Structure formats: structure tokens, C-alpha cells
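Here are the chains, one letter per residue:
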Amino acid sequence: CNKKASFVTHERAFLPALRHNSMWRRAILCIVGNVCVHASSATMRRVVILGGSGRIGSACATHLLQQREAVCPLHVVLAGRSQERGYRALAEVSRDSHVDAQSSLVSFEQVDWRDEHGLAALLNEADAVVHTAGPFGQFPDVLRAAVKAEVPVYVDLSDPVEYIRAARTLSHDAAAAGTVALLAAGAFPGLSNLLAVECADLLADSTGESVKDLCFSYFTAGLGGSGAINLAITNEGFGNPVPVFRNGLYKPQMEAGTNERIVSFFLRGEDQSARLIGERRVWSWPFPEGLTVAEELQISGDSSVGMGTAPDIWNSMMGLLVEVVPRAWWRSPSFSQGLATFSRPLVAATDMFVGETHAMRIDVSGVRGGSVSAVQAHRSFRQIVGQSAAEFTIALLNSRSHAGSPTAAQPGVWTPEQLFRKREVRGPLLRRMLEVEGTLNFGFETASP
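This is a predicted model, so every value here is computed, not measured. Residue positions within a chain follow its written sequence, with the count starting from 1. Under the rules for a predicted model, residues below a pLDDT of 70 receive no local features and side-chain atom pairs below 80 are neither given nor counted, while totals for whole chains, interfaces and linings still include all residues. As a convention, hydrogens and water are excluded, and side-chain values are obtained from all of the structure's heavy atoms.

## With respect to the overall build of the chain
Alright, step 1. Think of it this way: any DSSP run of H or I at least four residues long counts as a helix, any run of E at least two long counts as a strand, and we number them from the N terminus. Secondary structure assignment for the chain yields 18 helices and 17 strands.
Alright, step 2. Relative accessibility under 20% of the residue-type maximum defines a buried residue, over 50% an exposed one, and the middle range a partly exposed one, all with a 1.4 Å probe and only protein chains included. Counting the 449 residues in the chain, one finds 54% classified as buried.
Alright, step 3. Of the contacts formed within the chain by residues at least 6 apart in sequence, a portion of 79% connects residues at least 24 apart.
Alright, step 4. With an accessible surface of roughly 19000 Å², the chain has 54% of that area assigned to carbon and sulfur atoms. Note on contacts: a residue pair qualifies if any of its non-hydrogen atoms lie within 4.5 Å across the two residues. Note that accessible areas follow from Shrake-Rupley with a 1.4 Å probe, and for residues the cover is restricted to the protein chains shown.

Here's what the structure looks like:
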């Protein structure tokens, strides 16, 4: 997917000085927080985070509260099954977002989202629900409940193709209920989808070409701080077909964990990701953007999605297992969860040394040989997923406040590349997402035919 560029354009993150001055930033956030606390409770936007006591859910909550000036007044509800984990997450989120755990800005509610009546009560009068409690499986039960409750904004971190297809069948119902539902709204898929669309637009701007090939490449050190459940989800992925295009047609391939290639997760030698990540091996992986973004861009060639992790020995070990273990076994929850339980102590031990670093690279090539590449890197996979989900939620909440405007999000069920296809809608959100705290570097590279 890597291609040498004839010229390079970079967008640097010129963040406000306050972001680098923690004392003044904390003071301003405290002032904003006090204003929000004293706002009428009837006007506060209630954002429910399912899986709020989990690693990614709490990261999402923290970013929402850190950015509360963008959606003030705001009340975040951390929803989870374990009261002990919930109150622990509440303390963490309150500390990291500089709010009082006893304030009206954040709270915890113990609920199992699989309990239909408990979920319905939780979603009552919610302005938004962010579903981070995977695995997502095949049935969009939470989305269905959100539509039934006429929740204005729904955001989730789904990635199974079967789930996305089932969720899209609810689009008419969502439109009737006034619900804007956004699927696959994390880092990858999510932010990566927006970067791919941006690359396609830059390609059209620079060379006038339509997209032929589309390539997504991802790297995460260890589990990226995302928690144990991600390990079982990863194991199940080896049993699923990789949703990709071949010669302009959808041709899913049973190739997860194969097709090794080497990817440079940087554009310039001085990029921080050049030193921290560099070149990494990736293998085919069943993320949905190889299908959904390829469809939206109407590519005429091939799409691919690759994933790699650290330490590299895990990649080699899993590659050997894929060769000997039948694909059907990987799809079995008992096998995948059992393997995750067995390997979890080893993974946890190595995570202490490899950290949480994350990076993505998107390569778009045109029908005449031009290309555009994008790279984004972050210090923590867990944080960038939570931050991305939060930013999508902020964008949709603010959009609903301007209903009727040309840029307002229309009710229905969407993926990121659909809902943010227009540059004037995508641009402000993409800029915010590329400048979140913890970002190492980002940029775009354009090559002429």
C-alpha cells in the first residue's frame, strides 16, 4: 500500500496554548463546570454510556466532560453491570476530567443493557446513548431500544458486518423516530473512515481521479489498554471472512491473519510515529470499512484491511494457530473466550512493556496512478477510541441543535463515511479528532501519477 510521493503536504496540529498550560486549562474547566452545574436540570443534555465502567467507555466519558464547553450543559451517565467497577470508573472519570464526582455532571447507574426493561428505563429522556459494551454480535438490540425510546442521538463502536447490515434495516424506523444513529464510530472503524473519504477528496482535487484501490492499515501495541474483552473479540475475528472488494466487486475472503505486508506508519522521518512505531507487519483483518467505505467511494479496484500488534511474537504465534485451527473453531465463543482466558495473563504481562501506542495509515490510489495517503498516531488506542466516539457524539448533539440547516445530520442509520461525506460537514469534526489530547502526529501525502 505504501507509495513514494512526488510531493508532501502535512497538516500540523496547532493547538491552543491553553491545551499545553494545565493550570489555566484546569481553571477554565472548573469555571465551565460550575456554569454547567448551575444550569437548569431541564436543559441539561443527558448522555448515557453503555459500558461506561469499561476501559473505552470511561475514556469516552472523560473526553466528553473535558470538552463539555462544546456541549454545555451536559450530564454523563456511566452505565454498567458492576457497581464496584462503576464507582471506580466514576472516580477515575471525575479525576481525569476535573469534575466533582458528586456534581450533576456525571453519575453511575447499575444496569445490564441486555435487560430490556432496565435498558428502556435507562434510555428514558436520554439525549444520546453511546454503546461501547461489546461484543456486538449480529443483533442491534440497543439501537432498536434507542429508536423505540426516540433517543435523538445513538453512537456505537460496532464492527461486525452482520451487525451493520441488520442495523441498517432499522433506518426507516430511526428516521420516523427522529433518531440519528451512527455505527462503527470509534477510531478504526470510525476516524479511519473519515480519513479515507478525505484522501479520496484530496485525490480528486489534485489529480481529478476517481478511486481505484483502497487500503487500511492499523497497528496497536498489545491490547492498547482496551481491556480483556477485546482479546476474545479478536480471537473470534480469525473465523470471519474479510469484507473486501476485488476488481470493483464485493468479494469477501476467508483470509484473516494471512496476507502479511509491511507498512510504514509515518510520512516523514521526524514524525514521532517513525521513532515509536516505524515499520510494522500487518495481516488481513475483518473490519467493515473494506466494504462500507469501498461502497461509498465506488472504487473500481481492490480494498484491503490489515492489522498488526506488538510484541511481534504474538503475530507469529497467532499466524501459526490460524494455519492449524479450523476457521469454524475461531467463530465459536467458547473456543475464542477460552483461548482469551488462557492467554490473558501473558498478554497482560507483555502489555506492561509494549504500552498502548496506536497508529493507522490509509492509502487511496486513483485510476491513473495518483495516490493520497494519511497517517494518524496516538499514545493510547483505548483513549483514541473513546475520544473518537465522544467527538462523534458531540458533533451529532450539536447538529441536532441546528435541525433544518444544510449541514444538520438527518435521522436514520448511517456509517461515518455516509453521514460525513460532505467536506463542509466532515471538515470541522475531522480537525477536532486529529487534535485530541495524546495525538502524536498526523498528515497527508499526495503523489502525482
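And the narrative resumes.
## Some remarks on the sheet that holds strand S5 (residues 128-131)
Neighbouring strands of a sheet are bound in pairs by backbone hydrogen bonds; such pairs are parallel or else antiparallel.
Alright, step 1. At least two bridges found by DSSP between two strands are what make those strands a pair. Sheet architecture is open: seven strands sit in the order S4-S3-S2-S5-S6-S7-S16, paired in parallel fashion. Two strands in the sheet have a free side with no partner beyond their single neighbour: strand S4 (106-110) and strand S16 (412-414). Sheet twist, expressed as the average angle between the axes of neighbouring strands with direction ignored, equals 15°.
Alright, step 2. Pairing geometry for strand S2 (residues 45-50) and strand S3 (residues 74-80), over six bridges, is parallel. Considered in S3, the bridge of Val47 is made with Val76.
Alright, step 3. A fitted line through C-alpha atoms represents every axis, and for helices the fit uses only the stretch in contact; the resulting angles, taken between N-to-C directions, go from 0 to 180 degrees. Sheet strands in contact with helix H5 (residues 116-123) are S2, S3, S4 and S5, and its direction is about 150° off that of S2.

## Some thoughts on the packing of helix H16 (residues 381-400) against helix H18 (residues 423-433)
Alright, step 1. One can describe the packing of H16 onto H18 by two numbers: an axis separation of 10 Å at closest approach and a directional angle of 150°. Classified by the interaxial angle, the pair formed by H16 and H18 is roughly antiparallel. Relative to H18, H16 is oriented so that their crossing is right-handed. Contact with H16, carried on its side by Ser388, Glu391, Phe392, Ile394 and Ala395, involves Leu429, Arg432 and Met433 of H18 and no other residues of that element.
Alright, step 2. We call Asp, Glu, Lys and Arg charged. Ala, Val, Leu, Ile, Met, Phe, Trp, Tyr, Cys and Pro are nonpolar, and the rest, Gly among them, are polar. Split by residue class, the contact of H16 with H18 holds five nonpolar, one polar and two charged. Oblique is the label for any angle not under 35 degrees, not over 145, and not in the 65 to 115 range, which are roughly parallel, roughly antiparallel and roughly perpendicular in turn. By convention, the crossing between two helices is left-handed when the near helix turns anticlockwise from the far helix through less than a right angle, and right-handed when the turn is clockwise.

## Some words on helix H12 (residues 289-297)
Because each turn of an α-helix spans 3.6 residues, side chains separated by three or four positions end up pointing in the same direction.
Alright, step 1. Across the nine residues of H12, seven count as buried, placing the element largely inside the fold.
Alright, step 2. Buried within H12 are the following residues: Glu289, Gly290, Leu291, Thr292, Val293, Ala294 and Leu297.
Alright, step 3. Gln298 sits one or two positions beyond H12 and adopts a positive phi of about 55°.

## What about the pairing of strand S15 (residues 371-378)?
Alright, step 1. Among the eight residues that make up S15, eight are buried, leaving the element largely enclosed by the rest of the structure.
Alright, step 2. Bridge analysis of strand S14 (residues 358-366) against S15 gives eight bridges, and the strand direction is antiparallel. Each bridged residue has a counterpart across the sheet, and for Arg361 the counterpart in S15 is Val375.
Alright, step 3. Remark: four residues form the turn of the hairpin made by S14 and S15, two consecutive strands paired antiparallel; Gly369 in that turn has positive phi of roughly 105°.
Alright, step 4. Of the pairings in the sheet, the one linking S15 to strand S17 (residues 439-447) comprises eight bridges and is antiparallel in character. Bridged to Val375 within S17 is Gly443.

## Considering the packing of aromatic side chains
Alright, step 1. Pairing of aromatic side chains requires ring centres within 6.5 Å, counting the rings of Phe and Tyr and the six-membered ring of Trp. Pairs whose planes differ by under 30 degrees are stacked, by over 60 edge-to-face, and all others tilted. All chains considered together, the criterion is met by 14 aromatic pairs.
Alright, step 2. Ring geometry for Phe238 versus Trp330: centroids 4.9 Å apart, planes at 50°, classification tilted. You can see Phe238 sitting in the loop between helix H10 (229-237) and strand S9 (245-246) and its partner Trp330 sitting in helix H14 (residues 327-331), a full 92 residues away along the chain. Taken individually, Phe238 and Trp330 each receive the classification buried, so the pair is uniform in this respect.
Alright, step 3. Grouping aromatic residues by their ring pairs yields a cluster made of Phe188, Phe216, Tyr218, Phe287 and Phe381.

## What to know about the side chain of Asn193
Alright, step 1. Relative to the assigned elements, Asn193 resides in helix H9 (residues 191-207).
Alright, step 2. Classification of Asn193 as buried rests on a relative accessible area of 1%.
Alright, step 3. Within the structure, Asn193 has its side chain in polar contact with the backbone nitrogen of Gly190 (distance 2.9 Å).
Alright, step 4. Contacts of Asn193, omitting those with residues within four sequence positions, involve Glu289, Thr292, Val293, Pro416 and Glu417. Whenever a nitrogen or oxygen atom comes within 3.5 Å of another N or O atom, the pair is scored as a polar contact, on the condition that within protein one atom can donate a hydrogen and the other can accept it, and that pairs from neighbouring residues in sequence are kept only if both atoms are in side chains.

## As for the environment of Leu396
Alright, step 1. Tracing the sequence through the fold places Leu396 in helix H16.
Alright, step 2. Distance in space between the C-alpha atoms of Leu396 and Ala181 is 9.2 Å, their sequence separation being 215 residues.
Alright, step 3. Beyond its immediate sequence surroundings of up to four residues, Leu396 is in contact with Val153, Tyr154, Val155, Val180, Leu182, Ala409, Leu419 and Phe420.

## Comments concerning the packing of H9 against H12
Alright, step 1. It is at 11 Å that the axes of H9 and H12 come closest, and there the two elements cross at 30°. Read as a crossing pair, H9 and H12 show a hand that is right-handed. In this structure, H9 contributes Ser192, Asn193, Ala196, Val197 and Ala200 to the contact, and H12 contributes Glu289, Thr292, Val293 and Leu297.
Alright, step 2. Per-class residue counts for the contact of H9 with H12 are five nonpolar, three polar and one charged.

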